[in-house]
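# Structural overview for review
In case you want the letters, here they are:
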Amino acid sequence: MGFARACSVALVGVEGVVVEVQADLEPGVAAFTLVGLPDKSLIESRDRVRAAVVNSGAEWPQKKLTVGLSPASVPKSGSGFDLAVACAVLGAAERIDPATIADMVMIGELGLDGRVRPVRGVLPAVLAAAEAGYEQVVVPEQTAGEAALVPGVSVLGVRSLRQLIAVLCDEPVPEEPVEGQGRPDAMLAGPMIPGTGLGTGLAPAAGRGDGHRPDLVDVAGQPRPRQALEVAAAGGHHLLFSGPPGAGKTMLAERLSSILPPLTRQESLEVTAVHSVAGILPPGEPLVARAPYCAPHHSATMQSLVGGGNGMPRPGAVSLAHRGVLFLDEAPEFSGKALDALRQPLESGHVVVARAAGVVRLPARFLMVLAANPCPCGRHTLTGAGCECPPSVVRRYQARLSGPLLDRVDLRVEVEPVDRADLLGQGGRGESTAAVAARVREARARAAERLAGTPWTTNSEVPGHELRTRLLVAPGALAAAERDLERGLLTARGLDRVLRVAWTVADLRGADRPDASDVAVALELRTGIQRGVPMGTGQR
C-alpha cells in the first residue's frame, strides 16, 4: 500500500484554508475516487490529472486510488488543487519521494499536456499558507511574482509538471517553451463583472488606447464641487453630486481616485488579494499600488454590488472598490434593494454575505460617490429649460435615494451648469491633479499623526464619541451645528459626520483644530445651505 500527502489551499471568500491532499493506493481494480466535499470543477480534476501525468512521461498507477481532501467539512472549488493531487498520486506511486512534498503547498491547474496553468487567488492562498507556518510554495510561473509578495515564503514557479518532477527528484530540469507570450492568460480573465472593464481604473490606463490619464485641469469651472472632491479625498468622506446632465458630475468622479494617496503596503496586499480572487489583476502588475475605481452600471443587481454567485459568494463591486472609489452614476436608477444593501458596508467597512454554501466576510472599505439628476429629464433645476416632469414624478425620483442612505453621505454638492466663460477657458484653468493630490497627502499625513496609536487613519473612521470627548474643536465652534441639530436639520449621526468633515477642512488649511469657519464649511457641504464662508476655506 502506498500513501503520500501534499498541501493546497481552499479559498473561502478572500481568506484561505490550508487543505491536506492525501493519496492512497491499494491493490484492486483500477479506479480513481476523489472525496472531501469537492465541487464539479474539482471532480473533473481526475481526468485532467491522469492525462497530465501520462503526458509528462510518468506512469499512472493501475491500482485502486483514493484521494482525500482534508478537512472534509470545508467546501472546495476550482482547479487549483490539480498540482497537489498529481504530486500526491506520484508520491504514493513512489515516483516522487513522499517526504519532499509532505510540507509543501502547491497551487495550480494542470493542462492535459502537463502544463501548469495560473489560477485566481494566489496571493490570499499563499498568505494563508504563510500564516499556517508553511515555508515552501509551488505556483504557476505566471503568478510567481504575485506569490513572492508574501515575506518569509520560498516560491517556486514552474511551467509544467515535468519541471516540477525533475526539481523534486533532483534531475535535470527540462526546458519548456513559453506559450502565448504577451497575451493575458484566459484563466486570469475572470467573469464580466459590471464596472471592471477598461476605463474603470481596475485596468491599466494604457489599455484605453492613448494612455491619457484624467486630470482635474480638464474640468471647466465648478469651484465648489472641486473643493468637495478635495475634502472627500483628504478625509475619506462619501460624496453626492446632484445637478443637470452635462454639468461635469462624471468627470469629477473619474478624477477622484487620481488625487487619493498611494496605497500603503498593507492596503496594497488587501486590494491585490480581492482582485486576485476576482481574476482581474492586470498582467505583469502583481501588486496594486493605486486606489481602485469601480463604476458599475445602474442595472447592476444587489448580488453584483455586495457579492454573491453560485456556490461560495464571490466579491462584488463594493469589495472590488476596497480602499478606492465606488462611483454610482445615475444613482436613482439603481434598484432600491441594491442601494439599501450599501448601508452596512458604509458603516462597518466590510460585508457579510450568507449563502447556502456558507457565510463569507469580504472587505469593503471604500469611498462612495453618487451622481444624480434632479428629475428623470434632468432639467428640473434649470431656468427656462422646459422640464415637463410632474411634481409627483420629481418627488418619487428623488425619493429613490432613501433617507438612511443619504444620512451616511457626508458631502452633498449641487453641480451647476458650466457657463460660457469657464467652458471656453476665459475664467482661467483650475488646479491640476498633482497640486490637489499634494495637499491631500499633507492633510492625510496630519490626520495620521494626530490619530497615531489608534486603530484609525482617516477622519472618516473616527467614532463620534472620540470626536466629542477627546478630539475637541475650538470653543464655540459648534454653535451653528447645535442649532441645526435642535431644528431637525441634522441627526446625531449627521452631527458626527459634520465634525469629521470639519477636522478634514482644518487639516487641509494646516490648522491644529477646527474653528467656527471650518464647521460652517462642513455644514454647507452637508446641507447645501449657504453659510457665507469663503470658497477657498478648505485650501491654503
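## As for the overall build of the protein chain
- Across its full length, the protein chain carries 23 helices and 16 strands.
- Projected onto the principal axes, the alpha-carbon positions of the protein chain cover approximately 85 × 50 × 40 Å.
- Scored against the burial criterion, the 540 residues of the protein chain give a buried share of 51%.
- In the protein chain, the proportion of contacts linking residues at least 24 apart, taken out of those at least 6 apart, comes to 72%.
- Between the centroid of the 55 positive side chains of the protein chain and the centroid of its 58 negative side chains there is a distance of 6 Å.

## Comments concerning helix 5 (residues 122-131)
- Among the 10 residues in helix 5, seven count as buried, and that is most of the element.
- Three or more residues of helix 5 are buried, namely Val122, Leu123, Pro124, Ala125, Val126, Ala128 and Ala129.
- Turning to helix 5, the residues buried within the fold contact strand 1 (2-12), strand 2 (15-26), strand 5 (104-106), strand 8 (136-140), helix 6 (144-147) and helix 11 (265-278).
- Positive backbone phi, approximately 100°, marks glycine 133, located one or two places after helix 5.

## Topic: the packing of aromatic side chains
- By the definition in use, this model includes two aromatic pairs.
- Plain terms: the ring middles of tyrosine 293 and phenylalanine 327 are 6.4 Å apart, the flat faces sit at 25° to each other, and that makes the pair stacked. In this pair, tyrosine 293 is assigned in strand 11 (residues 293-294) and phenylalanine 327 in strand 12 (residues 325-328), connecting sequence segments 34 residues apart. Here tyrosine 293 and phenylalanine 327 have matching classes, each one buried.

## Section: the state of the cysteines
- Counted according to the given criterion, the structure contains zero disulfides.
- Of all cysteine sulfurs, the one in cysteine 169 lies closest to cysteine 87, which takes part in no disulfide; the gap is 9.4 Å.
- Given the relative accessible area of 0%, cysteine 87 is considered buried.
- No disulfide involves cysteine 377; its sulfur sits 3.4 Å from the nearest other cysteine sulfur, which is in cysteine 375.

## Digging into the pattern of salt bridges
- Evaluated as defined, the whole model comprises 28 salt bridges.
- Among the salt bridges present, the one from glutamate 20 reaches arginine 5, with a minimum N-O distance of 3.2 Å. Placement of glutamate 20 in strand 2 and of arginine 5 in strand 1 is noted, with a sequence separation of 15 residues between them.
- For glutamate 20, a relative accessible area of 23% gives the class partly exposed.

## Points about the environment of alanine 295
- Looking at where alanine 295 falls in the secondary structure, it is placed in the loop between strand 11 and helix 12 (302-306).
- Judged by its relative accessible area of 25%, alanine 295 falls in the partly exposed class.
- Residues alanine 295 and threonine 143 lie 152 residues apart in sequence; the distance between their C-alpha atoms is 27 Å.

## Here we look at unusual backbone geometry
- Across the junction of serine 70 and proline 71, the peptide omega takes the value 5°, indicating a cis bond.
- If you trace the backbone, proline 71 turns up in the loop between strand 4 (64-70) and helix 3 (82-92).
- With phi around 60°, leucine 37 is a residue other than glycine that occupies positive phi space.
- Exposure remark for leucine 37: the relative accessible area of 46% places this residue in the partly exposed category.
- In this model, arginine 323 sits at a positive phi of 65°, which is unusual for a non-glycine residue.
- Secondary-structure assignment places arginine 323 in the loop between helix 13 (317-320) and strand 12.
- Assessed through its relative accessible area of 23%, arginine 323 is described here as partly exposed.

## Quick look at the packing of helix 5 against helix 11
- Relative orientation of the contacting elements helix 5 and helix 11 amounts to 120°, with a least axis distance of 7 Å. Our classification of the angle between helix 5 and helix 11 gives oblique. Here Val122, Leu123 and Pro124 of helix 5 lie close against helix 11, whose contacting residues are Leu269, Thr272, Ala273, Ser276 and Val277.
- Residues belonging to the contact of helix 5 with helix 11 are distributed by class as follows: six nonpolar, two polar and no charged.

## Quick look at helix 23 (residues 516-527)
- Spanning 12 residues, helix 23 covers 16 Å between terminal C-alpha atoms, matching the ideal 16 Å at 1.5 Å per step.
- The elements touched by buried residues of helix 23 are helix 8 (223-235), helix 17 (403-406), strand 16 (411-414), helix 21 (479-487) and helix 22 (492-508).
- In the segment just after helix 23, glycine 528 is the residue with positive phi, at about 80°.

## Quick word on the confidence of the model for the protein chain
- Within the protein chain, residue pLDDT values average 87, and 90% of them lie at 70 or more.
- In this model, residues 189-201 is a region of pLDDT below 50 whose contacts with residues beyond four sequence positions or in other chains number 27 contacts.

## Structural notes on the sheet that holds strand 11
- One open sheet holds the five strands; their spatial order is 11-12-15-10-16, and the pairing between them is parallel. At either margin of the open sheet sits one strand with a lone partner, and together these are strand 11 and strand 16.
- Bridging between strand 11 and strand 12 involves two bridges; their strand directions are parallel. Note that in strand 12 the partner of tyrosine 293 across the bridge is valine 325.

## Details of the nonpolar core
- With 58 residues, the main nonpolar core has Leu229, Leu239, Phe241, Leu256, Ile259, Val369 and Val519 as its most contacted residues.
- Among the elements that make up this core, the one with the highest residue count is helix 22 (eight residues).
- Core analysis: the second largest hydrophobic core is formed by 41 residues, Leu69, Cys87, Ile101 and Val158 among them.

What counts as what
- Each chain has its residues counted from 1, running along the sequence as written.
- Since the coordinates come from a predicted model, pLDDT governs what is reported: local features require at least 70, and pairs of side-chain atoms require 80 or more to be given and counted, while whole-chain, interface and lining totals use all residues.
- In computing side-chain values, all of the structure's heavy atoms are included and hydrogens and water are not.
- Helical segments are the DSSP runs of H or I of at least four residues, strand segments are the runs of E of at least two, and each set is numbered from the N terminus.
- Categorising residues by exposure relies on relative accessible area from a 1.4 Å probe, with only protein chains included: less than 20% of the type maximum marks a residue as buried, more than 50% marks it as exposed, and the intermediate range marks it as partly exposed.
- Contacts are residue-level and defined by heavy atoms, with any inter-residue pair within 4.5 Å sufficient.
- His residues and chain termini do not enter the charge count, which takes Lys and Arg as positive and Asp and Glu as negative.
- Positions of charges follow a simple convention, taking NZ of Lys, CZ of Arg, CG of Asp or CD of Glu.
- Two rings belonging to Phe, Tyr or Trp (six-membered ring only in the last case) form a pair when the distance between their centres is within 6.5 Å. Interplanar angles under 30 degrees mark stacking, angles over 60 mark edge-to-face geometry, and anything in between is tilted.
- Two cysteine sulfurs form what is called a disulfide whenever their separation falls within 2.5 Å.
- The term salt bridge refers to a side-chain nitrogen of Lys or Arg lying within 4 Å of a carboxyl oxygen of Asp or Glu.
- Lines fitted to C-alpha atoms define the axes here, with helix axes fitted over just the stretch in contact, and angles between the N-to-C directions of these axes take values from 0 to 180 degrees.
- By the definition adopted for this analysis, an angle is roughly parallel if under 35 degrees, roughly antiparallel if over 145, roughly perpendicular if from 65 to 115, and oblique otherwise.
- Residue polarity is assigned by list, with Asp, Glu, Lys and Arg as charged and Ala, Val, Leu, Ile, Met, Phe, Trp, Tyr, Cys and Pro as nonpolar; anything else, Gly included, falls into the polar class.
- Multiply 1.5 Å by the residue count of a helix minus one, and that product is the helix's expected span.
- What pLDDT reports is the predictor's confidence in each residue, on a scale of 0 through 100.
- Strand pairing follows a simple DSSP-based rule, namely that at least 2 bridges must link the two strands.
- Side-chain atoms within 4.5 Å are what join buried Ala, Val, Leu, Ile, Met, Phe, Trp, Tyr and Cys residues into a set we call a nonpolar core.

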